[in-house]
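Notes for the structure review
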Amino acid sequence: MKRTRILTALSLSGALSAWGPAVSRAPAQDPRSREPVLDAAVRALKTGDAEARAASAKALGKLGRGAVFALPELCSSLKDPDQAVRVHAAWALGNMGPLAEPARLPLLEALGDKDSYVRENAAAALGNIGPKAADAVGALIPLLRDGGPHVRESAATALGKMGPKSRRALRALERALKDRNADVRTAAAVALGNLGPFADPAAESLLKSLQDDDSYVRMAAALAAGRLGLNAEKAVGGLARSLSDPDPYVRMSAANSLFQVAPDGLLPKVIGLLKDPD
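Cut-off values and rules
Residues numbered from 1 in each chain as written. Predicted model: local features only at pLDDT ≥ 70, side-chain atom pairs only at ≥ 80, totals over all residues. Heavy atoms only, no water. Axes fitted to C-alpha atoms, helices over the stretch in contact; angles between N-to-C directions. Helix = DSSP H or I, 4+ residues; strand = E, 2+ residues; numbered from the N terminus. Parallel < 35°, antiparallel > 145°, perpendicular 65-115°, else oblique. Contact = heavy atoms within 4.5 Å. Nonpolar A, V, L, I, M, F, W, Y, C, P; charged D, E, K, R; others polar. Salt bridge = Lys/Arg side-chain N within 4 Å of Asp/Glu carboxyl O. Buried < 20%, exposed > 50% of the residue type's maximum accessible area, 1.4 Å probe, protein only. Expected span 1.5 Å × (residues − 1). Polar contact = N/O pair within 3.5 Å; in protein donor to acceptor, adjacent residues only side chain to side chain. Core = buried A, V, L, I, M, F, W, Y, C linked by side-chain atoms within 4.5 Å.

Overview of the packing of helix α12 (residues 182-195) against helix α14 (residues 215-225)
Put simply, α12 and α14 touch, their axes get as near as 8 Å, and they point 5° apart. Judged by the angle between their axes, α12 and α14 are roughly parallel. On α14, the residues that touch Ala182, Arg185, Thr186, Ala189, Val190 and Gly193 of α12 are Tyr216, Val217, Ala220, Ala221 and Ala224. Residue composition of the contact of α12 with α14, by class: 8 nonpolar, 2 polar and 1 charged.

Remarks on the environment of Glu73
Position of Glu73 among the secondary structure elements: in helix α5 (residues 71-77). A sequence separation of 30 residues divides Glu73 from Arg43, and the C-alpha atoms of the two residues are 8.8 Å apart. Not counting the four nearest positions on each side in its chain, Glu73 is found in contact with Val42, Leu45 and Lys46.

Thoughts on the pattern of salt bridges
Tallied over the full model, the rule gives 12 salt bridges. For Arg86, the salt bridge identified is with Asp113, shortest N-O distance 2.8 Å. Taken together, the residues Arg86 in helix α6 (residues 83-94) and Asp113 in the loop between α7 (104-110) and α8 (116-129) connect sequence positions 27 residues apart. Residue classification places Arg86 among the buried residues on the basis of a relative accessible area of 6%.

Let's talk about helix α16 (residues 248-261)
A rise of 1.5 Å per residue sets the reference length of α16, with its 14 residues, at 20 Å; its end C-alpha atoms lie 20 Å apart and thus fit the reference within 8%. Every buried residue of α16 is accounted for by Val250, Arg251, Ser253, Ala254, Ala255, Ser257, Leu258 and Val261. By the N-cap criterion, in which a side-chain oxygen at the helix start approaches the backbone nitrogen of a residue two or three places on, α16 is capped by Asp247, the distance to Tyr249 being 2.7 Å.

Comments concerning the environment of Leu126
Checked against the element boundaries, Leu126 lands in helix α8. Note: C-alpha distance between Leu126 and Ser154 (28 residues apart in sequence) is 9.9 Å. Those residues in contact with Leu126 that sit more than four places away from it in its chain are Arg104, Leu107, Leu108, Leu111, Ala133, Ala136 and Met162.

Regarding helix α10 (residues 149-159)
Those residues of α10 lying buried are Val151, Arg152, Ser154, Ala155, Ala156, Ala158 and Leu159. Among the structural elements, α8, α9 (137-140), α11 (170-176) and α12 are those in contact with the buried residues of α10.

Regarding the nonpolar core
A general feature of soluble globular proteins is that nonpolar side chains tend to end up buried together. Counting 80 residues, the largest nonpolar core has Leu74 and Leu140 as its most contacted members. Ranked by the residues each element gives to this core, the list is headed by α12, at 8 residues. With near-sequence residues (within four places) excluded, Leu74 lies in contact with Leu45, Ala57, Leu60, Ala89, Ala92, Leu93 and Met96.

What to know about the environment of Ala67
Structurally, Ala67 is set in the loop between α4 (50-61) and α5. Given the relative accessible area of 0%, Ala67 is considered buried. On a C-alpha basis, the gap between Ala67 and Ala57 in space is 9.9 Å, while along the polypeptide they are 10 residues apart. Apart from residues lying up to four places away in sequence, Ala67 is in contact with Leu60 and Met96.

A word on the packing of α10 against α12
Where α10 contacts α12, the axes come no closer than 8 Å and their chain directions differ by 5°. Relative to α12, the element α10 lies roughly parallel. From α10, Pro149, Arg152, Glu153, Ala156 and Thr157 reach across to α12, where they touch Asp183, Val184, Ala187, Ala188 and Ala191. For the contact of α10 with α12, a count of residues per class yields 6 nonpolar, 1 polar and 3 charged.

The structure is reproduced here in structure tokens:
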């Protein structure tokens, strides 16, 4: 499953970015017109029962973009005194994707929440909003040093979804390639890959990640290396060595990137790799 997420994030990010704006422009039907009981779910966000408020936020989150009608109430819930309510509110806003753009400022404030799971979900929500939340880049960068590895991973992932303005985070993402947590290193490599040619200054660090002890990091780095700009030719040597990686997914990722950046003389070896039974 994790390999699939990496491949999707890097290999299909162009298609997803093209699809996203169309979704954000599409009007969301108010589910209350189909299911009046959802009015009660919104009202429950304001009850005196914390468990009921958390359950309501969680239920609304399962509606995804269909819960956009509850956006103001969910924003208010980001300041709820109960931790579970705040977590589920941030998660619900994240499930709205770009439609949660009006929640940018409350989510930015939630990045400073005392609870790490709130910070994690707020960062993820801002990332799911995409480039329209790029004003959050400056607030996300410090989270790459957060004490919670899940927060650092979420921040790196979000920075990889915010477009060219994430160039400000380049050095911080480069440092994250050396994070003690492999999931954070993987997310940093994916984010740098999504920056494409803007990640050129981090090329050397990214290529070093082709030798990481974790195969997921190596796979993400191999895919990202194929998206560099001026330094693409420098990536050829490292990617060619990765054709002999013990992990078949890393070899496949290296081959995919070499097809994009390798000179013609190296292509026969890449083609030969396609006959690899693994």
